[in-house]
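Fold and geometry: a report
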Amino acid sequence: MKSFEHINPSSLDEALGALGKYGPDARVNAGGTDLIGCLRDEIWPDSPKMVINLKSIPELRYIEEDQGGLRIGAMTTLTEIEQSEAVQQRYPALAQAARRTASALLRNLGTLAGNICQENRCWYYRYPANLGGRIDCARKGGTKCLAMTGDRRYHSIFGSVNKCIAVNPSDTAPALMVLGADVLTSRRTVPIADFFSAENGMKSTVVAEDEIVTAVKLPPSLPGTRSGFSKLAFRKTIDFAIVNCAVRLRLEDDKVTEASICMNAVHPNPYVASDGAKTLIGSTLDLQSAQAAGESAVAGAKPLKGNRYKVQMVKTLVADTLLSLRDA
């Protein structure tokens, strides 16, 4: 790991001042569970000269009511989110997603902003520089995605973005997507549907170099709304998802009137299965409608040799997640 300066700002203004001073030579640190690994392995072409620790800013850590909805500070830990009664009762998909992220120890460190801002996962992109040199894949400005002809068993089944098939690894992202959250930054409000952008080269979000995520805002949870989250991984805790899924439904007289389905670890951005959601509208939530939604969710899949197994996983996980809401 190359040396760098480190500061603990006491306010958002102080952090933004440091970020403006150092520009592209600075990185902000949320929980640090992803950043430290990137620094240690020197995966970036240019290592930062300054790391700005956001955990020292008290104003960025809270969960509070907001005009009928809920506002969660960027530095709120995943443990605090999973244990929040307000999140559990009104936005269960987010509480469940936080609970399934990593291990208990990492959830005590990891933050909501850090979880949605972490960089995409791929062993070529994240190959340690001290093991034979950094690999300049398509995500780092190279000419090709090495996973396309290499080991792509955990990569995208819905095509590439700028030649890259590395997947977004966030567990909380699909939950926030189906819940219709907004991401608040130091200068704007970004609908969660517009927040993720694998098109931005190494970055996985639209957050600019001089911008800091400050909070996530959840809209009011309307009567009849149910939500849930499921995840498939080798180990129940610790591991990143092979596939995960969040769903939100609104029922009236036992009929689905609103539906949203989002999967992750299947595409460079969180993948909204709009076709799967449409099949549910007007239907009773049962095995037949759940399975039909799972089939429609993978209608646009373009699996590669080595990761076709994920298509069946998605079908099953979507159906299982939906069925878990029947008696919610």
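Here's what I pulled together on the structure shown here. (Residues numbered from 1 in each chain as written. Predicted model: local features only at pLDDT ≥ 70, side-chain atom pairs only at ≥ 80, totals over all residues. Heavy atoms only, no water.)

**Section: the packing of helix H5 (residues 92-99) against helix H8 (residues 172-179)**
Using the following cut-off: Axis angles are defined between N-to-C directions and span 0 to 180 degrees, where every axis is a line fitted to C-alpha atoms and, for a helix, only to the segment in contact. Secondary structure elements follow DSSP: runs of H or I of four or more residues count as helices, runs of E of two or more count as strands, with numbering from the N terminus. What sets the label is the angle itself: under 35 degrees gives roughly parallel, over 145 gives roughly antiparallel, 65 to 115 gives roughly perpendicular, and the rest give oblique. Contacts between residues were defined by any pair of non-hydrogen atoms, one from each residue, lying within 4.5 Å.
At a minimum axis distance of 8 Å, the contact between H5 and H8 shows a crossing angle of 175°. Comparing the axis directions of H5 and H8 gives the class roughly antiparallel. Seen from H5, the contacting residues are Ala-93, Leu-94, Ala-97 and Ala-98; seen from H8, they are Thr-172, Ala-175, Leu-176 and Leu-179.

**With respect to the sheet that holds strand E6 (residues 182-185)**
We apply this condition: Here, a strand pair is defined by DSSP locating no fewer than two bridges between the strands.
Strands sit in the order E4-E5-E8-E6-E7 across an open sheet of five strands; the sheet is antiparallel. Two strands close off the open sheet at either side, each with one partner strand: strand E4 (63-66) and strand E7 (189-191). Each strand of the sheet is rotated relative to its neighbour by a mean of 25°, with strand direction disregarded.

**Description of the nonpolar core**
Heads up, the rule is: Residues grouped as a nonpolar core are buried Ala, Val, Leu, Ile, Met, Phe, Trp, Tyr and Cys residues, joined through side-chain atoms within 4.5 Å. Accessible area is worked out with a 1.4 Å probe on protein chains only. A residue is then buried under 20% of its type maximum, exposed over 50%, and partly exposed in between.
In this structure, Leu-94, Leu-176, Phe-195 and Leu-218 are the most contacted members of the largest nonpolar core, which totals 48 residues. Put simply, the parts of the chain that give this core at least two residues each are helix H1 (12-22), strand E3 (50-53), strand E5 (69-73), helix H3 (78-83), H5, helix H7 (112-117), H8 and strand E8 (213-218). Excluding its chain neighbours within four sequence positions, the residues that come into contact with Leu-218 are Gly-69, Leu-70, Ile-72, Tyr-91, Leu-94, Leu-176, Leu-179 and Ala-181. In terms of nonpolar packing, the next biggest core, distinct from the first, is built from 29 residues, Ile-242, Ala-259, Val-266 and Leu-285 among them.

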